[in-house]
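Residues per chain, in single letters:
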Amino acid sequence: MSDAFHYFRAHAIRALCKARAMPLGRMRHLQAVIGKVYHLLTKEAAYGPNLHHMDDFRAAQKLEKSLDSVSVSNKALRPPGGAKRLGGEGRPVSGGR
């Protein structure tokens, strides 16, 4: 096996574990897709060296970094105590009826 195989495999495992730890939603799905891309690169690297793998790898890394920055900015926008629903006059809506 080549070093590229082990390198891509480590990234695939890390990306998939990160996706499993995320809450359900679009970001989790995109993180899982990135893990699948790394996994496919692992399979291709197992057959032989190819410099085109690095272009695909850099594209996947760029996407993963953009996901990280989006998730960080979304966390910054959330109020610390959670969002409260407001009624017609601006008063909080009660949960029970």
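The present account deals with the structure reproduced in this document. (Residues numbered from 1 in each chain as written. Predicted model: local features only at pLDDT ≥ 70, side-chain atom pairs only at ≥ 80, totals over all residues. Heavy atoms only, no water.)

1. Examining the overall build of the chain
Line of reasoning, step 1. Looking only at helices and strands, one finds three helices and zero strands in the chain.
Line of reasoning, step 2. Look at the contacts in the chain between residues 6 or more apart in sequence, and 53% of them connect residues 24 or more apart. (Helix = DSSP H or I, 4+ residues; strand = E, 2+ residues; numbered from the N terminus. Contact = heavy atoms within 4.5 Å.)

2. Considerations on the side chain of His11
Line of reasoning, step 1. Note on placement: His11 falls in helix α1 (residues 3–21).
Line of reasoning, step 2. In this structure His11 comes out as buried when scored by relative accessible area, which is 13%.
Line of reasoning, step 3. Ignoring sequence-local partners within four residues, the contact set of His11 consists of Tyr38, Phe57 and Gln61. (Buried < 20%, exposed > 50% of the residue type's maximum accessible area, 1.4 Å probe, protein only.)

3. Observations regarding the packing of aromatic side chains
Line of reasoning, step 1. Considering all chains together, one arrives at four aromatic pairs under this definition.
Line of reasoning, step 2. Ring plane angle 55 degrees and centroid distance 5.3 Å describe the contact between Tyr7 and Phe57, whose orientation is recorded as tilted. In this pair, Tyr7 is assigned in helix α1 and Phe57 in helix α3 (residues 52–77), connecting sequence segments 50 residues apart.
Line of reasoning, step 3. Judged by its relative accessible area of 3%, Phe57 falls in the buried class. (Phe/Tyr/Trp six-rings, centres within 6.5 Å; stacked < 30°, edge-to-face > 60°.)

4. Description of the pattern of salt bridges
Line of reasoning, step 1. Taken as a whole, this structure holds two salt bridges when the rule is applied.
Line of reasoning, step 2. Between Arg14 and Glu64 there is a salt bridge, and its shortest N-O distance comes to 3.2 Å. Of this pair, Arg14 sits in helix α1 while Glu64 sits in helix α3, and the two are 50 residues apart along the sequence.
Line of reasoning, step 3. The class for Arg14 is partly exposed, based on a relative accessible area of 39%.
Line of reasoning, step 4. Glu64 sits in the buried class, given a relative accessible area of 4%.
Line of reasoning, step 5. Among the ionic pairs, Asp68 bridges to Lys18, the shortest N-O distance being 2.5 Å. Of the two residues, Asp68 is situated in helix α3 and Lys18 in helix α1; the sequence distance between them amounts to 50 residues.
Line of reasoning, step 6. Residue class for Asp68 comes out partly exposed when judged on its relative accessible area of 27%.
Line of reasoning, step 7. Overall, the relative accessible area of 28% leaves Lys18 in the partly exposed class. (Salt bridge = Lys/Arg side-chain N within 4 Å of Asp/Glu carboxyl O.)

5. Regarding the side chain of Glu64
Line of reasoning, step 1. Side-chain polar atoms of Glu64 contact the side chain of Tyr38, separated by 2.9 Å.
Line of reasoning, step 2. Discounting chain neighbours no more than four positions away, the residues touching Glu64 are Arg14, Ala15, Lys18, Gln31, Ile34 and Tyr38. (Polar contact = N/O pair within 3.5 Å; in protein donor to acceptor, adjacent residues only side chain to side chain.)

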